[in-house]
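# Examination of the molecular architecture
Given next are the chains, with one letter for each unit.
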Amino acid sequence: YGKHAFVDMFGSMLARLQVVFSCTFVAASAAAPTGLLCDFQKNPALGVRSNPHFSWVVKPCDNGDDHKQIAYRVSVSSQGKLIWDSGQVASQESTYVAYRGPKLAAATKYQWNVTTWTASFSGQTCQSAPSEPASFTTALLDGWDSRAQFISIDSPGIFGYFRSDVHFGSKVISATFFITAEVDTVLLAGYKLYINERLIDVGPGRGEAPVWEGDGRYRNLPYSTLDVTEHLIAPTGGNCIAIVAMHQQPSVMAQLMVMLENGTAISIVTDATWLAYNGDLHRGPAPPKHGRSAGTGFLEYIDARHEPIDSSGRSWKQAGFDPTYSSNWTQALAKAPTTEQLQNLHPKMEPSLQITDIAVRSLHPVACRTKPGTRVEDSPRSFLADFGREFQGGLRLEVNDGTTGQLVHIACGESLKGGSVGNTWGWEFDWTLREGVQTLEQHKYMECRWVNLTFSPQAPKHFRLSAWKVHYLWDEADSYFSSSSVTLNEVWELSRYTLQAAVLDTYTDSNTRERRPYEADGIIAASARLLVQRDFLFPRHSHAWVINQPTWPVEWKQLSPFLGWQDYMATGQPDLAVAFTQQMHDRSMIGFLDNSTGLLDTSKMGRHIVDWMPDAAEADETVKRGEFTASNHMSVSNAFCAHGLDLLAQMMTAAGQHDKATDFKLKSYRLKTNMMKKMWNGASFCD
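These remarks concern the structure in this document.

About the cut-offs
Residues numbered from 1 in each chain as written. Predicted model: local features only at pLDDT ≥ 70, side-chain atom pairs only at ≥ 80, totals over all residues. Heavy atoms only, no water. Helix = DSSP H or I, 4+ residues; strand = E, 2+ residues; numbered from the N terminus. Buried < 20%, exposed > 50% of the residue type's maximum accessible area, 1.4 Å probe, protein only. Areas by Shrake-Rupley, 256 points an atom, 1.4 Å probe, with all protein chains shown as cover. Pairing = 2+ DSSP bridges. Core = buried A, V, L, I, M, F, W, Y, C linked by side-chain atoms within 4.5 Å. Contact = heavy atoms within 4.5 Å. Disulfide = S-S within 2.5 Å.

## Description of the overall build of the chain
Regarding its fold elements, the chain presents 13 helices and 38 strands. A total of 687 residues make up the chain; the buried ones form 53% of that total. By element, 53% of the accessible surface of the chain is carried by carbon and sulfur atoms, the whole surface being about 30000 Å².

Quick look at the structure:
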């Protein structure tokens with residue numbers, strides 16, 4: 001991956017040198033380009049804007065070394081029909097090549113490929129084979145169907161269940177699902193989408209400013225774009241679309257665009273024809289009852305006796321379910337999106353999260369006494385499960401022989417001692433079973449490896465524990481490591497798995513603890529992922545959120561220009577810096593310049609990370625010991641400011657905003673000069 005990144009970056013830089021090659025014939029061939037990206041999304045790219053940009057990796061030529069691209073040809077088609085052919089374009093650009101064809105249709109799947117020409121410094125040339133085609137599906141470019149409405153339940157609640165059966169009279173050629181929901185940014189799972197009982201997606205995640213070409217307006221209603229073609233049954237079978245929404249008064253809006261083999265195009269939207277059920281009856285959201293919660297507001301005390309199951313035993317997520325068995329099913333409350341909501345809807349930049357089912361690595365009975373001093377029970381009712389690795393997601397308990405009112409006490413966590421799950425940032429809750437066959441599944445995600453299960457009064461004879469896990473897209477082909485050192489290999493795997501499994505739609509302080517991004521996490525987590533994953537949208541989306549929701553301490557805010565630089569180095573585009581120029585400038589803290597010294601006055605900025613400099617309400621042990629004495633001109637914040645402004649000046653130059661570049665460069669230079677004159681003692685900086 002590292003080679004590819006540098007090939008792309010240097011290719012972009014060389015293009016600016018205006019080097020011209022004269023090619024009269026092709027003397028050799030090269031392998032086809034790989035690593036195709038559309039708007040920085042890997043194949044298949046979903047929710048693409050109306051003016052997509054293409055990137056690819058130029059492969060080596062078999063006719064010598066030191067080849068660089070001198071031309072490319074991009075073609076775009078849809079359903080076998082050519083939409084645009086760029087022709088052979090003399091250019092060394094391979095990282096952000098604009099589509100320049102006719103207007104693209106909304107919610108439509110396209111295929112594209114690229115052919116490249118390269119030349120060596122000695123004049124030898126190569127033409128590649130065409131790349132394997134990649135696909136992209138456009139977003140709702142002209143807006144949502146005017147019939148689409150936000151649907152909700154008709155009574156106060158946290159969980160809403162919504163369903164609709166759909167039938168098609170012809171084979172489904174393509175099906176694209178668009179969905180959004182109001183969401184608590186700490187809990188994230190504003191919706192879970194099921195088609196024919198299969199969990200398809202969890203989202204929509206946090207909002208963002210799209211930042212393309214400098215768009216810094218924050219939108220809090222991102223929508224996901226999903227290709228659900230393979231999940232729909234047609235023409236003989238019915239299909240059930242089921243959505244679990246979670247919010248204080250849950251609300252969700254969706255649109256399904258289907259193209260049939262007979263040429264018919266269908267648009268299915270959420271509206272008052274959908275059925276709704278107050279899911280709190282089933283999930284029982286309530287505060288922790290056992291004192292072991294990860295601080296996410298409430299736990300799910302699921303009662304399977306209240307799961308919507310009809311008289312034939314069909315789940316509400318199955319086609320053909322009969323809702324008339326219960327008066328709790330009503331027509332969904334439907335409201336057209338407000339002007340504000342329409343302004344905040346936008347296709348999310350990054351791909352949807354990955355969801356997979358995982359099995360328990362081991363499940364063992366645990367000795368249990370009915371009372372202290374009594375004998376151990378003959379028939380175990382307590383069990384210890386180990387998933388082998390920590391994961392983010394939820395538990396799933398399948399029971400074949402449940403008894404009405406049977407209880408299962410569950411404790412989940414990240415640590416284990418003496419057969420008991422640790423209670424630091426753990427989860428502890430109770431579920432209630434019903435008669436017969438059933439499946440209980442969490443909606444909210446948690447962090448878990450070990451699970452204690454205790455059934456009461458006894459355990460069912462036939463049960464199975466598993467889980468669903470969720471994390472951001474991870475491509476195994478992007479990086480690989482192996483060495484002769486077992487220890488080093490284990491260090492690599494621990495680090496790699498942490499970057500894969502502990503990440504949702506943004507970097508965070510911790511998905512166990514605070515569950516929110518901090519600017520410093522962008523420097524650590526996003527940089528680490530960029531080293532091993534050819535993905536630029538995870539950091540870009542994260543940065544676009546945190547710059548709109550700045551944190552503390554002072555030094556974290558000062559990292560804002562550094563985040564812009566990280567994005568510029570990864571993508572070659574200054575979009576993030578252009579989108580947030582003012583924020584990055586102001587959070588450098590240059591506004592605290594003390595004209596009498598030419599340095600920043602750090603005493604009035606707020607709380608600092610440097611030795612946790614105390615504020616009015618807090619003492620600091622290092623100060624009491626005399627190990628650290630804060631001054632009014634701390635060197636760290638001064639240095640962060642000077643370097644941040646210098647980076648911002650370089651990005652403004654790349655964006656063609658030369659007046660701003662000059663202004664920022666001058667401020668940086670003056671601050672650096674005064675730091676050297678008044679803080680540098682020849683060996684170190686002194687506050």
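## Focus on the sheet that holds strand β2 (residues 34-38)
In space, the three strands of this open sheet follow the order β2-β4-β8, with antiparallel pairing throughout. With one partner strand each, in any of the chains shown, β2 and β8 (97-98) form the two edges of the open sheet. For β2 and strand β4 (residues 53-57), the ladder comprises three bridges, and the chain directions are antiparallel. Each bridged residue has a counterpart across the sheet, and for Thr34 the counterpart in β4 is Val57.

## Some thoughts on the environment of Phe159
Counting through the fold element by element, Phe159 comes out in strand β13 (residues 159-167). Sequence-wise, Phe159 and Tyr191 are 32 residues apart; in three dimensions their C-alpha atoms are separated by 9.5 Å.

## Describing the nonpolar core
Among the nonpolar cores identified, the biggest contains 59 residues, and Phe40, Val211, Trp316, Phe580, Met584, Leu648 and Met651 are the most heavily contacted of them. With residues near it in sequence (within four places) discarded, Met584 still touches Ile547, Ser560, Pro561, Gly564, Leu576, Ala577 and Leu648. Residues Val408, Cys448, Phe463 and Ala467 belong to the second largest nonpolar core, which totals 33 residues.

## Concerning the state of the cysteines
With the rule as written, the count across this model stands at one disulfide. For Cys61, the disulfide goes to Cys126, at an S-S distance of 1.5 Å. Placement of Cys61 in the loop between β4 and β5 (68-78) and of Cys126 in strand β10 (residues 125-128) is noted, with a sequence separation of 65 residues between them. Cys126 carries the same exposure label as Cys61, and that label is buried.

## As for the sheet that holds strand β21 (residues 275-278)
In spatial order, the strands read β16-β15-β18-β13-β21-β24; together these six strands make up an open sheet with antiparallel pairing. In the strand order of this sheet, the two ends are held by β16 (198-204) and β24 (330-331), each with one partner. Across six bridges, strand β15 (residues 189-195) lies against β16 in antiparallel orientation. Each bridged residue has a counterpart across the sheet, and for Lys192 the counterpart in β16 is Val202.

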